Amino acid sequence: MSAARSSTPRKVLGRLSLPERTYVADALRTETVGGVLLLVAAVTALIWANIPALHDSYESVSHFHFGPATFGLHLSVVHWAADGLLAVFFFVAGIELKRELVAGDLRDPKAAALPVVAALCGMAVPALVYTLTNVTGGGSLQGWAVPTATDIAFALAVLAVIGTSLPSALRAFLLTLAVVDDLFAILIIAVFFTSSIDFAALGGAVVGLAVFWLLLRKGVHGWYVYVPLALVIWGLMYNSGVHATIAGVAMGLMLRCHRHEGEAQSPGERIEHLVRPLSAGLAVPLFALFSAGVVVSGGALGDVFTKPETLGVVLGLVVGKAVGIFGGTWLTARFTRASLSGDLEWADVFAVAALAGIGFTVSLLIGELAFDGDAVLTDEVKAAVLTGSLIAATLATVLLKIRNAKYRRLCEAEERDEDADGIPDIYEEDDPAYHLRMAAIYDKKAAEHRRIAEEKAAERRAVAQVPGGAGDEDGRPA
């Protein structure tokens, strides 16, 4: 039996387990709503910044400073959005990553290889495309990391708008890919965009994280304990010179995401369920509102395709992401001798890879960090991120629409629950009890049809026996 099992080829992007499918559906539902709000916030920012009568107010609000100067936190609204609100986003990303490592697909090294390799290739190839574009065109290499990030909320918002019934396996692949992508983006921010370090503040942040970890291990409960402690850790991390969002992901990774006996949810799952709507519905849209407001003109859009820095960002997102993720997935399948799920084609993988070229939130953040001090180039890179994301979204929309009818059939099969037990039938095909329930259902239907057939036959006989009732002139039945 074991030999037969080991000889069975592993499927790439095969059907999810039922618990994983339920988790992915819940997570993506929130992210999709948040993505729509993100789209609204981005459009609002562009309108606010580009209407002459409103432009000055956008600048005034964005650069309004508030906060305790004594603690080094007298920051502009833009900085509070990028360093404060995005810490909430990265906190959720940390929990997602921890859950994937202990209870999701990443706990199995063989299953983890696919999204990890795909994410790495999906970051390396865009960086390479950007670098080659700027080496050839004589541009700055500082922005190499800008096109490496995928914005899962924006990508899912595009899916919601175009109404594509993407199968759960592809949605899960996109979600896991984005989680791994976020991890490496955090590492890039920590390693490459930390210029000077205040070791006293960093030491204080580390001590705060140690206290946070001990309280979790001791089972201490109460938001009134953890929220003030989290704010202190965040403030110390910000003052240390290390990007403050690192504090968010560090605290997320510390939460326990495996369930103890008798637990319906782990602490990590419970807190993620509470904080994710705050992240997707408030933190990320507000960041977009104060980061996406770049002045767009015909000349500015033309510069996007002529300057090496901005062209590198666009090509990195549109070409680099699609080629990198698709190539990484294909190579993983090729060298692990895994075969693609029979329900999908490689064209589907390429469409999702193109969708991953939507790099918004983290790309905008890295763009601000990479070209800090050069306001003009920062705005131009932001315009390039918006342009590249729009092109990637359009390309993915066309590719996904071509296969939308096939996706709808797959989704209908995944959702079908004829025995009405709350579990899709496709997950019960090996359960004898399911087939007995279905036999009883079909027997009941057959009995009902027999009863109706007998009633109809009786009605026909009754009509035939009435003289001239429904016959012809000879009294024969009609």
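Remember, predicted model here, so these are calculated numbers, not experimental data. (Residues numbered from 1 in each chain as written. Predicted model: local features only at pLDDT ≥ 70, side-chain atom pairs only at ≥ 80, totals over all residues. Heavy atoms only, no water.)

Engineer: Before we move on, can you summarise the side chain of Glu309 with the specific residues and values?
Structural biologist: Along the polypeptide, Glu309 turns up in helix H13 (residues 308-335). Although buried, Glu309 forms no salt bridge, and the nearest oppositely charged side chain, Lys307, lies 6.3 Å from it. Among the polar contacts listed, one links the side chain of Glu309 to the backbone nitrogen of Ser140, at a separation of 2.9 Å. Not counting residues within four places of it along the chain, the set of residues in contact with Glu309 comprises Tyr130, Asn134, Gly139, Ser140, Phe371 and Leu377. (Helix = DSSP H or I, 4+ residues; strand = E, 2+ residues; numbered from the N terminus. Buried < 20%, exposed > 50% of the residue type's maximum accessible area, 1.4 Å probe, protein only. Lys, Arg positive; Asp, Glu negative; His and termini not counted. Salt bridge = Lys/Arg side-chain N within 4 Å of Asp/Glu carboxyl O. Polar contact = N/O pair within 3.5 Å; in protein donor to acceptor, adjacent residues only side chain to side chain. Contact = heavy atoms within 4.5 Å.)

Engineer: With reference to specific residues and values, describe the nonpolar core.
Structural biologist: Membership of the largest hydrophobic core comes to 109 residues, with the highest contact counts inside it found for Phe90, Leu174, Met251, Val313, Leu355, Ile358 and Phe360. The residues contacting Met251, other than those within four sequence positions of it, are Phe91, Leu209, Phe212, Ala230 and Ile233. One finds Leu73, Leu75, Trp80 and Trp234 within the second-largest nonpolar core, a separate group that totals six residues. (Core = buried A, V, L, I, M, F, W, Y, C linked by side-chain atoms within 4.5 Å.)

Engineer: Quick rundown of the environment of Leu364? Include the residues and the values.
Structural biologist: Structurally, the position occupied by Leu364 is in helix H15 (residues 361-370). In this structure the C-alpha to C-alpha distance between Leu364 and Ala82, which are 282 residues apart in sequence, comes to 9.4 Å. Those residues in contact with Leu364, other than ones at most four positions away along the chain, are Phe287, Ser291, Lys382 and Val385.

Engineer: Can you lay out the packing of aromatic side chains for me, pointing to particular residues and giving the numbers?
Structural biologist: What characterises a pair of aromatic rings is the spacing of the ring centres plus the angle enclosed by the ring planes. For the structure shown, the criterion picks out 13 aromatic pairs. Ring geometry for Trp48 versus Phe290: centroids 6.4 Å apart, planes at 55°, classification tilted. Of the two residues, Trp48 is situated in helix H2 (residues 18-50) and Phe290 in helix H11 (residues 267-291); the sequence distance between them amounts to 242 residues. A residue is classified by how much of its surface remains accessible, and Phe290, at 13% relative accessible area, is buried. Pairing Trp80 with Trp234 gives two aromatic rings, centres 5.5 Å apart and planes at 20°, and the pair type is stacked. Of this pair, Trp80 sits in helix H4 (residues 77-102) while Trp234 sits in helix H9 (residues 223-240), and the two are 154 residues apart along the sequence. Taken together, the ring pairs in this structure connect Phe64, Phe66, Trp80, Trp234 and Tyr238 into an aromatic cluster. (Phe/Tyr/Trp six-rings, centres within 6.5 Å; stacked < 30°, edge-to-face > 60°.)

Engineer: Describe a nonpolar patch on the surface, listing the residues and the values that go with them.
Structural biologist: Taken together, the side chains of Val43, Ile47, Ile51 and Leu54 make up a nonpolar region of the molecular surface, amounting to roughly 310 Å² of accessible area. When its relative accessible area of 46% is taken as the criterion, Val43 is described as partly exposed. (Patch = residues over 30% accessible without salt bridge, like charges linked within 9 Å, V, L, I, M, F, W, Y side chains within 5 Å. Areas by Shrake-Rupley, 256 points an atom, 1.4 Å probe, with all protein chains shown as cover.)

Engineer: How would you explain the packing of helix H7 (residues 168-192) against helix H14 (residues 346-355) if you had to name every residue and give the values?
Structural biologist: Helix-helix packing: each pair is described by the crossing angle between the helix axes and the interaxial distance. The interhelical angle for the contact between H7 and H14, taken along N-to-C directions, is 35°, at an axis separation of 11 Å. Considering how the two elements wind past one another, H7 and H14 form a crossing that is right-handed. Residues Leu170, Phe173 and Leu174 of H7 pack against Asp348, Val352 and Leu355 of H14. Its residues placed into classes, the contact of H7 with H14 shows five nonpolar, no polar and one charged. (Axes fitted to C-alpha atoms, helices over the stretch in contact; angles between N-to-C directions. Left-handed = near helix turned anticlockwise from the far one by under 90°. Nonpolar A, V, L, I, M, F, W, Y, C, P; charged D, E, K, R; others polar.)

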